[in-house]
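Listed below are the residues making up each chain.
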Amino acid sequence: MNTLKNKVVVITGAGNGIGRSLAILLANNGAKLALNSRTLKNLEETASLLNIKKDNLFTRAFDISDKGAVFEFAKDVNDHFGQVDVVINNAGVAIAGLTFEELETEDFEWIFSINFMGVIYTSKAFLPFLRKNKEDTALVNISSVFGLVPMVLKTPYCATKYAITGFTDSLRMELENTAIHVMGVYPGGVKTGVTLNAFKAEKEPEYAKEFNKNLKMEPDTAAQIIIDGILAKEEKIIIGNDAKKAIFAYKYLTFAFKSVARKTMQKFKKI
Ligand SMILES: NC(=O)c1ccc[n+]([C@@H]2O[C@H](COP(=O)([O-])OP(=O)(O)OC[C@H]3O[C@@H](n4cnc5c(N)ncnc54)[C@H](OP(=O)(O)O)[C@@H]3O)[C@@H](O)[C@H]2O)c1
């Protein structure tokens, strides 16, 4: 894809953080946007920040774990614009700071319904429209560095993000002979509210505060790297030196990697 000008780009979770930055930068690049987010007020705030013509913007607030709402959104976006070029599965939530034994099975069901099933519903709903398109198109799934490396006190989040990695890599192979480019995005720490707003973060506030210090990259910088990766048709977009170092350490410096995990358990759980 040489340009995103006049392309129809769908972004889920555009009411905040990386999704909002993607919307602002893509609007500045002349893209037409279909935006979703959970909270109407946040989505409206994003819309108010965009440099875009009214007809080139379609917004709808709904929960990405609502299958019917996702399929209706896809149909309505295609009806509105007549085509879909890029779908960015960005909406996501976190649970962090608690051990597997401290968590409930319902916590896993909840996070999977958003982080993973949200990606599945959106991919399934939009793929027919991407296929119909005669030009190059892209399906972009935002995983995390924790979709490539494990970490303690993040079992539900890591599980959803690894699931996205497996789905993305497998689907890419199935669609190899099509014009649909399936991309995985693996950010390290990006300065958004994802950790402080994490579900049950109040149960381990010190952990949330400490981990939040690792979120250093500006969301605009992360969004620009994603846009450059889409244009370059990269299969795996790894964002930030922290992510690159963690991936390297997990593969080649296993002892050091495990020692960080061990120290985290000692610090927060006295284990
Ligand atoms: N920040 C990081 O360090 C980091 C690192 C790796 C990966 N990521 C991933 O990057 C993506 C964006 O995260 P972020 O850091 O930008 O977080 P964020 O600032 O918290 O933004 C998340 C967005 O997702 C939306 N969302 C959450 N649950 C939703 C649902 N059920 N239905 C629809 N929308 C929903 C939120 O909507 P409302 O605010 O409107 O309710 C918000 O707009 C996530 O998938 C996250 O896992 C982030």
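The structure contained in this document is the topic of the report that follows. (Residues numbered from 1 in each chain as written. Predicted model: local features only at pLDDT ≥ 70, side-chain atom pairs only at ≥ 80, totals over all residues. Heavy atoms only, no water.)

### Here's the deal with the site of the ligand
For the record, the criterion: Note on definitions. A residue lies near a molecule or strand when any single heavy atom of the residue is within 4 Å of it. The definition of a polar contact used here is a pair of N or O atoms within 3.5 Å, where within protein one atom must be able to donate a hydrogen and the other to accept one, and adjacent residues in sequence count solely through side-chain atom pairs. Working definition of accessibility: Shrake-Rupley area with a 1.4 Å probe, residue cover restricted to the visible protein chains. Helix and strand definitions follow DSSP, with helices as H or I runs of at least four residues and strands as E runs of at least two, each counted in order from the N terminus. The classification used treats Ala, Val, Leu, Ile, Met, Phe, Trp, Tyr, Cys and Pro as nonpolar, Asp, Glu, Lys and Arg as charged, and all other residues, Gly among them, as polar.
The environment of the ligand is formed by 31 residues, the closest being Ser 37, Thr 39, Tyr 157, Val 190 and Thr 192. Residue Asn 16 places a side-chain N or O atom 3.1 Å away from an oxygen atom belonging to the ligand. Between an oxygen atom of the ligand and a main-chain N or O atom of Asn 90, the distance comes to 2.8 Å. If the ligand stood free it would expose 890 Å²; the protein chains cover 95% of that surface. Within the residue set of the shell around the ligand, elements represented by two or more residues are helix H1 (17-28), strand S2 (32-37) and helix H5 (155-174). In the shell around the ligand, the residues fall into twelve nonpolar, 16 polar and three charged.

### Quick look at the side chain of Asn 42
Using the following cut-off: Residue contacts are counted whenever heavy atoms from the two residues lie within 4.5 Å of one another.
Secondary-structure assignment places Asn 42 in helix H2 (residues 40-48). Residues within four places of Asn 42 in sequence aside, it is in contact with Gly 15, Asn 16 and Arg 20.

### Quick notes on unusual backbone geometry
Phi at Leu 153 takes a positive value of approximately 60°, unusual for a residue other than glycine. The backbone phi angle of Lys 233 is positive, close to 55°, even though this residue is not glycine. Tracing the backbone shows Lys 233 in the loop between helix H7 (219-231) and strand S7 (236-239).

### Some points on the pattern of salt bridges
Quick reminder of the rule: We define a salt bridge as a contact between a side-chain nitrogen of Lys or Arg and a carboxyl oxygen of Asp or Glu at a distance within 4 Å. Categorising residues by exposure relies on relative accessible area from a 1.4 Å probe, with only protein chains included: less than 20% of the type maximum marks a residue as buried, more than 50% marks it as exposed, and the intermediate range marks it as partly exposed.
For the structure on display, the rule yields 14 salt bridges. With a shortest N-O distance of 2.9 Å, Lys 200 and Asp 107 are connected by a salt bridge. A residue pair is termed long-range when its members are at least 10 positions apart, and Lys 200 in the loop between strand S6 (180-187) and helix H6 (205-212) and Asp 107 in helix H4 (residues 105-132) qualify at 93 residues. Taking relative accessible area as the criterion, Lys 200 reaches 16% and is therefore assigned buried.

### Let's talk about the pairing of strand S5 (residues 137-142)
For clarity, the threshold we go by: Two strands make a pair as long as DSSP finds a minimum of two bridges between them. For a crossover, the right-handed case is the one in which the path from the first strand over the helix to the second runs clockwise, viewed with the strands pointing away from the viewer.
For S5, the tally of buried residues reaches six of six residues, placing the bulk of the element in the interior. Burial along S5 is two-sided: the face carrying Thr 137, Leu 139 and Asn 141 and the face carrying Ala 138, Val 140 and Ile 142 are both buried. Bridge count for strand S4 (residues 86-89) against S5 is four bridges, and the pairing is parallel. Within S5, the position partnered with Val 86 by the bridge is Ala 138. This β-α-β element, S4 to H4 to S5, shows right-handed connectivity. Pairing of S5 with S6, which is carried by six bridges, proceeds in the parallel orientation. When the sheet's bridge partners are listed, Asn 141 is paired in S6 with Gly 184. In the classification by handedness, the crossover that spans S5, the intervening H5 and the parallel S6 is right-handed.

### A closer look at the packing of aromatic side chains
Let me state the cut-off plainly: Side-chain rings of Phe, Tyr and Trp, where Trp is taken by its six-membered ring, are said to pair if the distance between their centres is within 6.5 Å; with planes under 30 degrees apart they count as stacked, over 60 as edge-to-face, and otherwise as tilted. Here, a charge over a ring is recorded when the distance from Lys NZ or Arg CZ to the ring centre is within 6 Å and its angle to the ring normal is within 35 degrees.
Taken as a whole and judged by the stated rule, the model has twelve aromatic pairs. Measuring from centroid to centroid gives 6.1 Å for Phe 58 and Phe 73, while their planes differ by 45°, and the two rings are tilted. With Phe 58 in strand S3 (residues 57-61) and Phe 73 in helix H3 (residues 67-81), this pair connects stretches of sequence that are 15 residues apart. Take Phe 58 and Phe 73: they sit in the same class, and that class is buried. Ring centres 5.9 Å apart and planes at 10° place the aromatic pair Tyr 207 and Phe 211 in the stacked group. With Tyr 207 and Phe 211 both in helix H6, this residue pair falls four residues apart, about one helical turn. Taken together, Phe 58, Phe 62, Phe 73 and Phe 126 form an aromatic cluster joined through their ring pairs. When the ring centre of Phe 211 is taken as reference, the NZ or CZ atom of Lys 154 above it lies at 3.5 Å.

### Remarks on the environment of Ala 261
The topology assignment puts Ala 261 in helix H9 (residues 254-269). Sequence separation between Ala 261 and Met 151 is 110 residues; the distance between their C-alpha atoms is 6.5 Å. Apart from the residues lying within four places of it in its own chain, the contact partners of Ala 261 are Met 151 and Val 152.

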